[in-house]
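# Coordinate analysis (summary)
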2 protein chains.
Amino acid sequence: MMKYEAVTIKDIAKALGISTSTVSRALRDSYEISPETKALVLECAEKLNYKPNPAALSLKERRTRSIGVIVCEIANNFFSQTIDGIESIAYDKGYNIIITQSHESFDREVAILNFLASRSVDGLLVSVSTETNDISHFKELHDRGLPIVFFDRVVDEINTHKVTLDNFKGTYEATEHLIQNGCKRIAAIVNSEFLLITHERLAGYKEALANNGMEVDNSLIKHCFYGGIEAQEVEEAVNQLLTLRPRPDAILCTSDKLTTGCMSALSRRRIKIPDEIALIGFTNSNVSELMQTPLSVIKQPANEMGRQAAELLLQIVESKRPIKDFEKRVLTPEIIIRESSVKI
Amino acid sequence: MMKYEAVTIKDIAKALGISTSTVSRALRDSYEISPETKALVLECAEKLNYKPNPAALSLKERRTRSIGVIVCEIANNFFSQTIDGIESIAYDKGYNIIITQSHESFDREVAILNFLASRSVDGLLVSVSTETNDISHFKELHDRGLPIVFFDRVVDEINTHKVTLDNFKGTYEATEHLIQNGCKRIAAIVNSEFLLITHERLAGYKEALANNGMEVDNSLIKHCFYGGIEAQEVEEAVNQLLTLRPRPDAILCTSDKLTTGCMSALSRRRIKIPDEIALIGFTNSNVSELMQTPLSVIKQPANEMGRQAAELLLQIVESKRPIKDFEKRVLTPEIIIRESSVKI
DNA sequence: TTGTAAGCGTTATCAT
DNA sequence: ATGATAACGCTTACAA
């Protein structure tokens, strides 16, 4: 196709009959250039609509001013809000963000990682896929100096900045709330065992039960490996829970899709929420209060998480010296109690 | 920070005691290179984990293998699903996508456009901001050869590929459905008058009224300039509609935020949906059927729209010759009737 | 079959 | 104060 022919420093130099180095210096407002020349160059650059070529700059400066983002999927309330936050910070600091999705696949994650690393992003923001158990692909790149910041689904084994949620607190308080509302058999539909967040969220649930003198019954805990991306998974989990006797009188869900999937499954079976089964779960939907039964939720400060992760990453990227001390920021979940978890 | 020192062709050449051009050719499997040398080079490249430097390639090839995407906001069901579709196609063809948000601001859109267009992208996928009335910034770049494909919020004045919805059909059918359900005073809460989609959607609404022997009453049409990004706007629109006598008995909304905002406003006023006021609207939420009143919706094939837009853009980008004949693809909305629009 | 050298756009170094 | 040149990593005439 017709090439978008860009104006270069050479064009300016030619137009003005001076050398490219003078133009370059004038554009960067170097002290060695006379005011007259500067004015001339600036005016000419303006007139020709000169824009520096980022590829040339990248080559020279060995930086791309872009950062990669890996999430499991974009079309998800939590992640799209996080990306919103990331984009805001990146834009303010003059960085591009390159978005990719693992679709919860380990293989895809590895492929993407190579793709991005070879495209020389200056750094990476990562929330690992559900299938990710082995993290050597991240480790290797990180060891070779690629700045990485993990958010939400972080991994313990890599020493870098992390931004995550107080997952324990989220499920602890949600579970305790259910207990205080008279729930006796509280089930949990949770994510893959590979994910750290699953363990943290389960721990909060278990601890709340224990501290309230209740037994942890493993038959009440259902793992959905793909976090309910396919509705079938949640359907199955709910089915199994419903066959138990005595039946659970509450369900705690640990992700967006699990929560809405569970509500949908219960609704289809005409099970009354919260009377028959109370429901509370993680979600960042902005319509939770408009649900058939206004939904009690554990909400993540998603936008803020994205912003902080981006800030930390750019801090590493732009730091002159190697960073030794890494932070693990733990944000606080917002627990919003509505009707779905309050027995009458 | 410690720089991620990449392996270059030079390193391979040095290691093998051959020239860089030989290495380059071997890597690209040139016919001029002996099988032995090729094997050697490939093995060495593998061993050193050589990855071509994209900045150097960009500089040489005058292409970046990345495409820019401008949407009003990422954290929105419709747009995040569209981006999902775009990402899938881009990934398959080896392109990065660079996501930006205009936040419905014209100034921001112009700034972003310059940011992206300074040749850090090979092409652009755009859904214009609500404030965008003047499109000369796009026109200029497009005239200078930057491939642009518009989707959803397209503009008429630029001759390029476009992927949009049959907006007329969406509102026509939705309105007719309301009429057939006995609604007599059908209000519409719509987007900015600057947007073409607003006109198309309004036209469908008006035509359906006319074809069914009903008057178009302009007091029943409320514009929300920012499409309900701030809840206040929708609140106000609903307020005004409720003061009308006779009161409207149905509301049609033309965007995601308008629809949920309207439902929220009605709900807060304890107005029964659909008995007092029926409701139908555009939304790509995946929990519409879980709403307090299962929501009748006009749903866009968002993912598909993203895929098609990306395909068309890459078709331009990768075409050897200038493209003369541009397509306007018009996708069909899915109208899903649930309870919110069906008077008993 | 392989090597040399120029060039993509920019900046830093070293002249002048 | 300005210019020439080399370099960033890669590809590709052109030479050998």
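Residues numbered from 1 in each chain as written. Chains lettered and ligands numbered in written order. Predicted model: local features only at pLDDT ≥ 70, side-chain atom pairs only at ≥ 80, totals over all residues. Heavy atoms only, no water.

In the annotation of an unreviewed UniProt entry, chain A is listed under the name LacI family DNA-binding transcriptional regulator and assigned to Polluticaenibacter yanchengensis.

For the rest of this paragraph, the subject is the interface of chain A and chain B. With 70 residues of chain A in contact, the opposing surface of chain B contributes 69 residues. Interface area, chain A with chain B, both sides summed: about 5,800 Å², of which 57% is carbon and sulfur. Summed over the shared surface of chain A and chain B, the number is 2 salt bridges. Notably, a salt bridge pairs Glu87(A) with Arg108(B), separated by 3.7 Å at the nearest N-O pair. There are 8 residue pairs in polar contact (both at pLDDT 80 or more) connecting chain A and chain B. Taken together, the elements giving at least two residues each to the side of chain A that touches chain B come down to helix H4 (54-61), helix H5 (77-92), strand S2 (96-101), helix H6 (106-118), helix H7 (136-143), helix H11 (256-268) and helix H12 (302-318) of chain A. (Contact = heavy atoms within 4.5 Å. Buried area = accessible area lost by both parts, 1.4 Å probe. Salt bridge = Lys/Arg side-chain N within 4 Å of Asp/Glu carboxyl O. Polar contact = N/O pair within 3.5 Å; in protein donor to acceptor, adjacent residues only side chain to side chain. Helix = DSSP H or I, 4+ residues; strand = E, 2+ residues; numbered from the N terminus.)

What follows covers the packing of aromatic side chains. Residue and element names in this part refer to chain B. Under the counting rule described, the total for this entry stands at 12 aromatic pairs over all chains. Relative to Phe79, the ring of Phe78 has its centre 4.9 Å away and its plane inclined at 70 degrees; by these criteria the two rings are edge-to-face. Relative accessible area serves as the criterion here: at 6%, Phe78 is assigned to the buried category. On the basis of relative accessibility, which here comes to 3%, the residue Phe79 falls in the buried class. Consider the rings of Phe138 and Phe150, whose centres lie 5.6 Å apart with planes at 85 degrees: the pair is edge-to-face. In this pair, Phe138 is assigned in helix H7 (residues 136-143) and Phe150 in strand S4 (residues 148-151), connecting sequence segments 12 residues apart. (Phe/Tyr/Trp six-rings, centres within 6.5 Å; stacked < 30°, edge-to-face > 60°. Buried < 20%, exposed > 50% of the residue type's maximum accessible area, 1.4 Å probe, protein only.)

Turning to the protein's contact with DNA strand D, a few remarks are in order. Near DNA strand D there are 27 residues, and of these Thr22(A), Arg25(A), Thr37(A), Ile9(B) and Tyr50(B) occur at the shortest range. Among the atoms of DNA strand D lying within 4 Å of the protein, the sugar-phosphate backbone contributes 60%. Elements supplying a minimum of two residues to the surface near DNA strand D: helix H2 (20-27) and H4 of chain A together with helix H1 (9-16), helix H2 (20-27) and helix H4 (54-61) of chain B. When its residues are assigned to classes, the surface near DNA strand D shows 9 nonpolar, 9 polar and 9 charged. (Near = heavy atom within 4 Å. Nonpolar A, V, L, I, M, F, W, Y, C, P; charged D, E, K, R; others polar.)

Turning next to the sheet that holds strand S12 (residues 334-336) of chain A. Note: strands within a sheet are paired through backbone hydrogen bonds, in either parallel or antiparallel orientation. Residues and elements named next belong to chain A. Across the sheet, 6 strands lie side by side as S7-S6-S8-S9-S10-S12; this open sheet has mixed pairing. Strands at the two margins of the open sheet, each flanked by one partner only, are strand S7 (221-223) and S12. The sheet shows a mean angle of 15 degrees between the axes of neighbouring strands, taken without regard to direction. Sheet topology places strand S6 (residues 186-190) next to S7; 3 bridges connect them, and they run parallel. Opposite Ala188, over in S7, you have Ile221 as the bridge partner. Along the sheet, helix H9 (residues 196-211) contacts S6, S7, strand S8 (250-253) and strand S9 (278-282); its crossing angle with S6, the most-contacted strand, is approximately 175 degrees. Together, S6, S8 and S9 form the strand contacts of H11, whose direction differs from that of S9 by roughly 155 degrees. (Pairing = 2+ DSSP bridges. Axes fitted to C-alpha atoms, helices over the stretch in contact; angles between N-to-C directions.)

On to the UniProt feature "domain: HTH lacI-type" (unreviewed entry) in chain A, then. According to UniProt, the "domain: HTH lacI-type" (unreviewed entry) feature falls on residues 7-61 of chain A. Helix makes up 69% of residues 7-61 of chain A and strand 0%, whereas the separation of the span's terminal C-alpha atoms amounts to 20 Å. (UniProt positions renumbered as here; feature names shortened; annotations may be inferred.)

What follows concerns the protein's contact with DNA strand C. Close to DNA strand C lie 26 residues, the nearest being Ser21(B), Thr22(B), Arg25(B), Thr37(B) and Lys60(B). Between DNA strand C and Arg25(A) there is a distance of 3.2 Å, counted from a base oxygen to a side-chain nitrogen or oxygen. Between DNA strand C and Ser34(B), the relevant distance is 3.0 Å, taken from a phosphate oxygen to a main-chain nitrogen or oxygen of the residue. Counting residues per element, the ones that place at least two in the surface near DNA strand C are helix H1 (9-16), H2 and H4 of chain A together with H2 and H4 of chain B. Its residues assigned to classes, the surface near DNA strand C shows 8 nonpolar, 9 polar and 9 charged.

All names here are of chain A. All of the buried residues in H7 are His137, Phe138, Leu141 and His142. Burial along H7 is one-sided: seen end-on, the buried residues are contained in an arc of 125 degrees. One or two steps after H7, the chain reaches Gly145, where phi turns positive at roughly 105 degrees. (Arc of directions from axis to C-beta.)

Turning our eyes to something else, we now look at the relation of the copies chain A and chain B. Overlay of chain A on chain B (RMSD 0.2 Å): rotation 180 degrees, translation along the axis 0.0 Å. Considering both components of the superposition, the chain copies are consistent with a two-fold axis. Considering only C-alpha atoms, the part of chain A nearest the rotation axis is Gln292(A), at 1.7 Å. Interface overlap between copies: 96% of the residues of chain A at the interface are likewise at the interface in chain B, consistent with a symmetric, same-surface contact. (Least-squares fit on C-alpha atoms with pLDDT ≥ 70 in both.)

Below, the discussion takes up the packing of helix H10 (residues 231-243) of chain A against H11(A). All names here are of chain A. Between H10 and H11, whose axes approach to 9 Å, the crossing angle comes to 60 degrees. Classed by the angle they form, the pair H10 and H11 counts as oblique. At the point where H10 passes H11, the crossing takes the right-handed sense. Between H10 and H11, the residues in contact are Val234, Glu235 and Val238 and Lys257, Leu258, Gly261, Cys262, Ala265, Leu266 and Arg268, respectively. Considering only residue class, the contact of H10 with H11 consists of 6 nonpolar, 1 polar and 3 charged. (Parallel < 35°, antiparallel > 145°, perpendicular 65-115°, else oblique. Left-handed = near helix turned anticlockwise from the far one by under 90°.)

Residues and elements named next belong to chain A. Between the first and last C-alpha of H5 there are 23 Å, a value that for 16 residues agrees with the 22 Å anticipated at 1.5 Å per step. With 15 of 16 residues buried, H5 lies mostly within the body of the structure. Note on H5: the residue one or two positions beyond its end, Gly94, has a positive phi of about 80 degrees. (Expected span 1.5 Å × (residues − 1).)

Attention now moves to the packing of helix H8 (residues 167-180) of chain B against helix H9 (residues 196-211) of chain B. For any two helices packed against each other, one specifies the inter-axial angle together with the distance between the axes. All names here are of chain B. As a packed pair, H8 and H9 sit with axes 7 Å apart at the nearest point and diverge in direction by 35 degrees. Judged by the sense of rotation from one axis to the other, the crossing of H8 with H9 is right-handed. Here H8 contributes Asn167, Phe168, Thr171, Tyr172, Thr175, Glu176 and Ile179 to the contact with H9, which in turn contributes Ile197, Glu200, Arg201, Ala203, Gly204, Tyr205, Glu207, Ala208, Leu209 and Asn211. Among the residues forming the contact of H8 with H9, the class breakdown is 8 nonpolar, 5 polar and 4 charged.

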